[in-house]
Amino acid sequence: MNQQKIFSVSELTRSIKSMLEGRFSFISVAGEISGLRRPASGHMYFTLKDDQAQIKAVLFKMQQRYLSQQPKDGDMVVCLGRVSVYEPRGDYQLIIDSLDYHGEGALQLAFEQLKKRLDAEGLFDQELKKPIPPLPEHLVLVTSPSGAAVHDFIRIAQKRYPQVRISVYPAAVQGEQAAKELCLAVSEINLEQKAGRLAADAIILCRGGGSAEDLQAFNNEELAWEIYRSTIPVVSAVGHEIDFTIADLVADLRAPTPSGAAEMLLPDGQALREHVADLSHRMQRTMQERLNRHQERIRLYRQKLSGAAQPVDTLLLRMDHMTENMEHAMQAKLAACQARLDRAENRLKRNNPLLVLNLYQQRIKEMQRRLHRIGTRLINDKEQELIQAAGILEAVSPLSTLARGYAVARKGTGRRKVITSPAQVQIGEAIEVLLHQGWLECEVTQVELSSDDL
């Protein structure tokens, strides 16, 4: 007969503790805090639960210094720690090393895993980043039209470089459908560009700051591949400067904020004009200095060659003539550059959205005035037609015949029948005679038939 080992309670408890701590030495557990207690020791004791089970947990005082905020009952958290057994009571519990709120720990872990995988596949390579034109003509914002981010971008853009054309492709920027709508937006914009119906210099993914959950749509793997495959440069302007998403890493340019994106993509128009003017002045000054040096050299040559033969004088005259020609050519070149600059500035002014809007408003007002004139003329014509029709109707109306002294004889009850022949009545029958004003009730006393009725 085999003798089975008999454990003491403490031996069994220690064995269970060793097994649990070896099996669950470093795990993450998500749940809701319940029954939170803070005794005088400073440690936190609570129950971590979901809709089907619960486990006791403890967060020691020395670990609490890493908390971003104080936990409370009802908080949804992700706890990183180990499972252990408290031997005096035989309770198993979770010893917590760190605690994250609203699943931020799980989101960060998923972010790091996706980041590592996409980096290995080459989506973040700097050599593949597409350049963005220094003077873009058309930008497409992919964002929520009702958000503050789109208004911030447009406000900065109009202030810095009002000549740029801005289109807004509406898409959700948070929620379950956000990633799908963002992918569809990037894909459709590229298809429109490929078909020749669009000429965009850059696509800007735009939204304001938010929590990790709010920005989760921009950590989507499918969106990362859409950005990577885009033939149009993509700019990520998501969240605040401290926020970082997968879209930021894949995009051709990452801006700290939506308004920062506008400043990075668009030049300061006033500073640009001042820079061009400064370059023009510097070029004129440089050319004048060169001309002065050449003239001084020519003067020295003249002094040295003053006693030489006539051909040298002729050469000097030709040099003077060539110098004058060079001066005129440079002045003409500068004038041509200034004229091109003026034409470009006028073209930019003509393309100002406010001027286009005013032109369309004037056209709408003119069309309204024309519509009013045409409507008035049509009403007058219809009134004349109505008057003519009324006159014709009046001329053929039976009432007009009655007014000239004629009468209409009728008989019967209810819907009376007009009498057109003496054969229709008999002596003694009651009939009604309709006059212009009123009617007469009569009795037939005599009937005479015409030759046509016989």
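See above for the structure.
Structure report, in brief. (Residues numbered from 1 in each chain as written. Predicted model: local features only at pLDDT ≥ 70, side-chain atom pairs only at ≥ 80, totals over all residues. Heavy atoms only, no water.)

### With respect to the environment of alanine 212
- By secondary structure assignment, the location of alanine 212 is in the loop between strand E8 (202–207) and helix H5 (221–229).
- According to the relative accessible area criterion, alanine 212 is partly exposed, its value standing at 31%.
- Along the chain, alanine 212 and isoleucine 189 lie 23 residues apart, while their C-alpha atoms are 27 Å from each other. (Helix = DSSP H or I, 4+ residues; strand = E, 2+ residues; numbered from the N terminus. Buried < 20%, exposed > 50% of the residue type's maximum accessible area, 1.4 Å probe, protein only.)

### Focus on the side chain of asparagine 219
- Tracing the backbone shows asparagine 219 in the loop between E8 and H5.
- A polar atom in the side chain of asparagine 219 sits 2.8 Å from the backbone nitrogen of isoleucine 246.
- If near-sequence neighbours (up to four positions away) are discounted, asparagine 219 is found in contact with Phe111, Leu114, Thr245 and Ile246. (Polar contact = N/O pair within 3.5 Å; in protein donor to acceptor, adjacent residues only side chain to side chain. Contact = heavy atoms within 4.5 Å.)

### Describing the packing of helix H3 (residues 148–160) against helix H7 (residues 258–265)
- Here H3 crosses H7 at 25°, and the two axes come no closer than 8 Å. Overall, the two elements H3 and H7 adopt an arrangement that is roughly parallel. Between H3 and H7 lies a crossing whose hand is right-handed. The residues of H7 that touch H3, namely those facing Ala149, Asp152, Phe153, Ile156, Ala157 and Arg160, are Pro258, Ser259, Ala261, Ala262, Glu263 and Leu265.
- Residues that form the contact of H3 with H7 fall into these classes: eight nonpolar, one polar and three charged. (Axes fitted to C-alpha atoms, helices over the stretch in contact; angles between N-to-C directions. Parallel < 35°, antiparallel > 145°, perpendicular 65-115°, else oblique. Left-handed = near helix turned anticlockwise from the far one by under 90°. Nonpolar A, V, L, I, M, F, W, Y, C, P; charged D, E, K, R; others polar.)

### A closer look at the packing of aromatic side chains
- On inspection of all chains with the given rule, the structure shows one aromatic pair.
- Ring geometry for tryptophan 225 against tyrosine 228: centres 5.6 Å apart, planes inclined by 85°, an arrangement best described as edge-to-face. Of the two residues, tryptophan 225 and tyrosine 228 are both situated in helix H5; the distance of three residues between them amounts to about one turn of the helix.
- Judged by relative accessible area, tryptophan 225 falls into the partly exposed class, the value being 23%. (Phe/Tyr/Trp six-rings, centres within 6.5 Å; stacked < 30°, edge-to-face > 60°.)

### A look at the pattern of salt bridges
- If you walk through the whole model with that rule in mind, you get 14 salt bridges.
- A salt bridge links lysine 72 to aspartate 75, with the shortest nitrogen-to-oxygen separation between them at 3.2 Å.
- A relative accessible area of 47% places lysine 72 in the partly exposed class.
- Owing to a relative accessible area of 9%, aspartate 75 belongs among the buried residues under this scheme.
- Taking the shortest distance from any N to any O, the salt bridge between glutamate 432 and arginine 410 comes out at 2.5 Å. One end of the pair, glutamate 432, is in strand E13 (residues 430–434); the other, arginine 410, is in strand E11 (residues 408–411), and 22 residues separate them in sequence.
- Take arginine 410: its relative accessible area is 23%, and that puts it in the partly exposed class.
- Within this structure, Lys56, Arg89 and Asp91 form a network of salt bridges that share partners. (Salt bridge = Lys/Arg side-chain N within 4 Å of Asp/Glu carboxyl O.)

### Concerning the sheet that holds strand E10 (residues 253–254)
- Here we have five strands laid out as an open sheet, ordered E7-E6-E8-E9-E10, and parallel in their pairing. Of all the strands in the sheet, just strand E7 (165–170) and E10 have a single pairing partner and so form its edges.
- Relative to E8, strand E6 (residues 138–143) runs parallel, the two being bridged by four bridges. Residue leucine 139 lies in a different strand from E8, and its bridge partner there is alanine 202.
- Set on the sheet, H3 makes contact with E6, E7 and E8; between it and E6 the angle comes to about 160°. (Pairing = 2+ DSSP bridges.)

### A word on the sheet that holds strand E1 (residues 27–37)
- Taking strand neighbours around the barrel as the criterion, the five strands line up as E1-E2-E3-E5-E4 in a closed arrangement whose pairing is mixed. Here the average twist between neighbouring strands, direction ignored, is 55°.
- Both E1 and strand E4 (residues 76–86) contribute to a ladder of six bridges, which runs antiparallel. By the bridge assignment for E4, valine 29 is matched with cysteine 79.
- Contacts from helix H1 (residues 9–23) reach E4 and strand E5 (91–101), with the element oriented near 145° to E4.

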